[in-house]
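A closer look at the structure
Chain residues, written in single-letter form:
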Amino acid sequence: MTDGTSEMTSVERTALYKSLGNPLRRRILDYLGRHGEANSTVLARELGESSGTTSYHLRKLAEQKLIEEIPEKSGGRERWWRSLPFRHTTPDPATMAPEEYAAAEQLALLKIELDTRLFRRAHRDYRGPGGWAQVRRAGTWMTKDELHAFVRGYQELLDRYGHPGETAPDGARRVDLRFYAAPEPVGEWEGEPTGP
């Protein structure tokens, strides 16, 4: 799977951010990620929407190549869908058009809310180093090149140990992971210089 950021235009990224920020589309993607496949009727029942509404949003997600139809299961008016592998890195905000930046910012605010819930759940469900919920916090000194190499290594670890849902081994569960890295601000703290 590759990150298609460089291949997308600003207009395409704006549409992507708006789509990912749509609450119903996020719920559809989440359902497909957890259950593998669904049609508009199943999604309507599970998400409390009309099948016409879920059908419309499924088509929009397919246009953005976030999901695809399952031809061997689809027939007539009944179309079945599955999610596609997807990876995206948001570009430098300074290079974004105003509408793209606004859409990315709205999506980021939604993600922060979801990630805060995940953070609280990880702490609530933590049962020690042998449990499913794991929490790690760290700080260290790195150069920018070392940080970038670390981020690449983090992705390589995810690729090595993670599995697509359809090929996951017995006993595997979907695990939500988040990674953040931010340098301490440049300035002073308690009279001592910080940052470079």
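The rules behind the values
Residues numbered from 1 in each chain as written. Predicted model: local features only at pLDDT ≥ 70, side-chain atom pairs only at ≥ 80, totals over all residues. Heavy atoms only, no water. Core = buried A, V, L, I, M, F, W, Y, C linked by side-chain atoms within 4.5 Å. Buried < 20%, exposed > 50% of the residue type's maximum accessible area, 1.4 Å probe, protein only. Helix = DSSP H or I, 4+ residues; strand = E, 2+ residues; numbered from the N terminus. Phe/Tyr/Trp six-rings, centres within 6.5 Å; stacked < 30°, edge-to-face > 60°. Lys NZ or Arg CZ within 6 Å of the ring centre and 35° of its normal. Axes fitted to C-alpha atoms, helices over the stretch in contact; angles between N-to-C directions. Parallel < 35°, antiparallel > 145°, perpendicular 65-115°, else oblique. Contact = heavy atoms within 4.5 Å. Nonpolar A, V, L, I, M, F, W, Y, C, P; charged D, E, K, R; others polar. Pairing = 2+ DSSP bridges. Left-handed = near helix turned anticlockwise from the far one by under 90°. Salt bridge = Lys/Arg side-chain N within 4 Å of Asp/Glu carboxyl O.

**Points about the nonpolar core**
Generally speaking, nonpolar side chains in soluble globular proteins are found buried as a group. By size, the foremost hydrophobic cluster in this structure holds 22 residues, and its most contacted members are Tyr17, Ile28, Leu32, Ala38, Leu43, Leu58 and Ile67. If you tally residues by element for this core, the top one is helix α2 (residues 23–35), at four residues.

**Let's talk about the packing of aromatic side chains**
Enumeration over the complete set of coordinates arrives at two aromatic pairs. Ring plane angle 35 degrees and centroid distance 5.8 Å describe the contact between Phe150 and Phe179, whose orientation is recorded as tilted. Highlighted residues: Phe150 in helix α6 (residues 144–161) and Phe179 in the loop between α6 and β4 (187–189), separated in sequence by 29 residues. Taking the relative accessible area as the measure of exposure, Phe179 reaches 30% and is therefore partly exposed. In this structure, Lys73 is placed above the aromatic ring of Trp80, and the distance from its NZ or CZ to the ring centre is 4.0 Å. Of note, Arg173 hangs over the ring of Trp132, and the distance from its end group to the ring centre comes to 4.8 Å.

**Some words on the packing of α2 against helix α4 (residues 51–63)**
It is the contact of α2 with α4, at a shortest axis distance of 10 Å, that shows an interaxial angle of 80 degrees. The angle between α2 and α4 places the two elements in the roughly perpendicular class. Judged by residue contacts, Leu24, Arg25, Ile28, Leu29 and Leu32 of α2 engage Thr53, Thr54, Tyr56, His57, Leu58, Lys60 and Leu61 from α4. Residues that form the contact of α2 with α4 fall into these classes: seven nonpolar, three polar and two charged.

**So, the sheet that holds strand β2 (residues 67–69)**
Here we have three strands laid out as an open sheet, ordered β1-β3-β2, and antiparallel in their pairing. Unpaired on one side and paired on the other, β1 (38–39) and β2 mark the two borders of the sheet. Where β1 meets strand β3 (residues 80–83), two bridges bridge the pair, whose relative direction is antiparallel. Residue Ala38 lies in a different strand from β3, and its bridge partner there is Trp81. Together, β1, β2 and β3 form the strand contacts of α2, whose direction differs from that of β3 by roughly 85 degrees.

**Concerning the packing of helix α1 (residues 10–20) against helix α5 (residues 98–125)**
The relative placement of two packed helices is expressed as an angle between their axes plus a distance between the axes. Interhelical geometry of α1 versus α5 gives an angle of 25 degrees and a closest axis separation of 8 Å. Taken together, the axis directions place α1 and α5 in an arrangement best described as roughly parallel. Crossing handedness for the pair α1 and α5: left-handed. Within the contact between the two elements, α1 uses Ser10, Arg13, Thr14, Tyr17, Lys18 and Leu20 and α5 uses Glu99, Glu100, Ala103, Ala104, Leu107 and Leu110. Looking at the contact of α1 with α5 residue by residue, the class counts come to six nonpolar, two polar and four charged.

**Points about the pattern of salt bridges**
One pass over the structure, following the stated rule, counts 16 salt bridges. Here Arg27 and Glu49 are joined by a salt bridge, their closest N and O atoms 4.0 Å apart. Linking Arg27 in helix α2 with Glu49 in the loop between α3 (40–47) and α4, this pair joins segments that are 22 residues apart in sequence. Salt-bridge contacts for Arg178 lead to Asp115; the nearest nitrogen and oxygen are separated by 2.6 Å. With Arg178 in the loop between α6 and β4 and Asp115 in helix α5, the pair connects residues that are 63 residues apart, well separated along the chain. Owing to a relative accessible area of 42%, Arg178 belongs among the partly exposed residues under this scheme. Residues joined by salt bridges that share partners form a network here, namely Glu68, Glu72 and Arg82.

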